[in-house]
Structures are given as C-alpha cells and as structure tokens.
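Per-entry structural report
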Amino acid sequence: MLKILKKIILASNNPGKIREIQSLLDELNIEILPQALFTNEEAEETGQTFLENALIKARHAARLGGLPAIADDSGLEVDALGGAPGVFSARYAGVGVGDQENNAKLLRELAGVEDDKRSARFRCVMVYVRDAEDTDPIVADAAWEGRILRKTRGKNGFGYDPLFFVPEQGCASAELPPEVKNRLSHRGQALRVLARNLHFGKD
Ligand code: IMP
C-alpha cells in the first residue's frame, strides 16, 4: 500500500518535546521537522492567552518553513493567585531567571495559604495550522489538575514539577518517571487529542 508521508514543522527545538510528539504521530505517517531546520528566529510570545501564543508560534513556523506547523503553549494556573503565573510561567520571577527562582517566588506568594486552597493545574494548548494564514486551526486544550506543595520534592522534569502534587499518584510531578508523566500530563493529553483530530478531522 502506498504510504503518504506528511511533513509538519514543530515550532520548538526542545528535543524532549520533538521525541514525544514524533512518537505519537508516527502511526499517522507524519514526520515532524524541528523549527531549527528552517530558522533560528524565535517568535515573540506577545499573547495574553495560551491559545494566542500557540498560534503566534505555529504561524511563525509555517511562514518561515512553508509547511503546516504544530505549536504548543503551556503553563501553571494557581487558583489562589487568580490563575497566575499562567502565560507568564517561564518568566514569573523575571525574564531570563531559572526554575528555582520561579519556584521560590511561587512559594512566597502562597505563604499562609492552606492546603485545601492550593489547587492548581498545568494547562497546554496545542494547535495545528495548515499555513501561516489558516483561519480554521485545529486546537487541543488540556489540563492536569493538582495542588501546590509547601516545599519541593523530586528531581525529574522541569519548571514547577517539584512543587506540583499529583493526587492520583500521591507524589510530586518531579517524582514521576518520565513515561508516567507523559501519559498523564497536560502536554500528553493535548497531543493525543490533536493527533486524533488530525487523523479524523478536517485536514
Ligand atoms: P512552555 O510553553 O512549554 O515552554 O512552558 C512555559 C513554562 O510553563 C515553562 O517554562 C514552565 O515554567 C511551565 N511548565 C509548562 N509545562 C510544565 C511541566 O510539564 N512541568 C513544569 N513546568 C511546566
């Protein structure tokens, strides 16, 4: 049988994300090409929502690479902080700071907040655009519910993983083996929904 191979640019150069997304799209005969093959120019994430930022990144990649593109944007929403840090998750404690400073700021902001008021979720919005001007992108929006711990636990993952308690596993996200995190996480969920819609959807 003739195999049709579709090429899609992934608007990320993170090797972990590329591997994870490629493994889910393999069975659809889709080949993922990292954005770095086409450009070193990063899109400016000026959006106010995860969706806006994901679309900015996907359109940028599609424009520069001349192929359909997938992009995601994700972050942590803490209920006691009105949804912060949200789209500012990577730069919560300042532009260019590291995970440790962001986690320290989160703990400071939540000092004195009781356990039952520390609910939070990781959210991921993943989009597919056929070209830079696509007016009908495919969108997948997923959340992973948890609670913010009072001190860090675990060494796996990145970002806020050491402070994110996963109730169904009884541990911090940074204590989960990577394959378990990928199965449960906001990104894994969004990716599976997107892959389903690419397969059976409008494309
Ligand atoms: P990005 O949009 O995937 O680059 O994520 C933006 C920021 O959100 C990251 O720099 C992290 O601070 C936070 N974040 C997103 N996903 C995760 C996760 O799975 N674990 C921990 N932090 C995350």
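Use the structure listed above.
Just so you know, these numbers come straight off a predicted model, no measurement behind them.

This part covers the nonpolar core. One finds Leu 76, Val 78, Leu 106, Trp 144, Ile 148, Phe 164 and Leu 176 to be the most contacted residues of the largest nonpolar core, which totals 21 residues. Listing elements by their share of this core, those giving two or more residues are strand 3 (69-78), strand 4 (119-129), strand 5 (138-148), strand 6 (164-166), strand 7 (171-172) and helix 4 (178-184). With three residues, the top contributor of residues to this core is strand 6. Leu 28, Cys 124, Ile 138 and Ala 190 belong to the second-largest nonpolar core, a separate cluster that totals 20 residues.

Bringing the sheet that holds strand 3 into the picture now. Reading across from one edge, 2-1-3-4-5-6-7 is the order of the seven strands in this open sheet, with mixed pairing throughout. The open sheet has two free edges, formed respectively by strand 2 (30-34) and strand 7, since each of these has just one partner strand. Pairing analysis gives two bridges linking strand 5 to strand 6, with the strands arranged antiparallel. Among the inter-strand pairings, Ile 148 is bridged to a residue of strand 6, identified as Phe 164. Lying over the sheet, helix 2 (residues 50-65) contacts strand 1 (6-10), strand 3, strand 4 and strand 5, oriented at roughly 160° with respect to strand 3.

Looking now at the environment of Asp 131. Mapped onto the elements, Asp 131 comes out in the loop between strand 4 and strand 5. Its relative accessible area of 38% is what places Asp 131 among the partly exposed residues. Sequence separation between Asp 131 and Gly 66 is 65 residues; the distance between their C-alpha atoms is 7.3 Å. Those residues in contact with Asp 131, other than ones at most four positions away along the chain, are Arg 59 and Ala 62. Of note is the side chain of Asp 131, whose polar atom sits 2.9 Å from the backbone nitrogen of Glu 133. Engagement of the side chain of Asp 131 in a polar contact is seen with the backbone nitrogen of Asp 134, the distance being 2.9 Å.

The next point concerns unusual backbone geometry. Across the junction of Ala 84 and Pro 85, the peptide omega takes the value 0°, indicating a cis bond. Of note, Pro 85 is situated in the loop between strand 3 and helix 3 (99-109). Here the phi dihedral of Asn 29 falls at roughly 60°; this positive angle occurs in a residue that is not glycine. Mapped onto the elements, Asn 29 comes out in the loop between helix 1 (15-25) and strand 2. Taking the relative accessible area as the measure of exposure, Asn 29 reaches 23% and is therefore partly exposed.

Cut-off values and rules
- Residues numbered from 1 in each chain as written.
- Predicted model: local features only at pLDDT ≥ 70, side-chain atom pairs only at ≥ 80, totals over all residues.
- Heavy atoms only, no water.
- Core = buried A, V, L, I, M, F, W, Y, C linked by side-chain atoms within 4.5 Å.
- Buried < 20%, exposed > 50% of the residue type's maximum accessible area, 1.4 Å probe, protein only.
- Helix = DSSP H or I, 4+ residues; strand = E, 2+ residues; numbered from the N terminus.
- Pairing = 2+ DSSP bridges.
- Contact = heavy atoms within 4.5 Å.
- Axes fitted to C-alpha atoms, helices over the stretch in contact; angles between N-to-C directions.
- Polar contact = N/O pair within 3.5 Å; in protein donor to acceptor, adjacent residues only side chain to side chain.

That is the geometry; function is a separate question.
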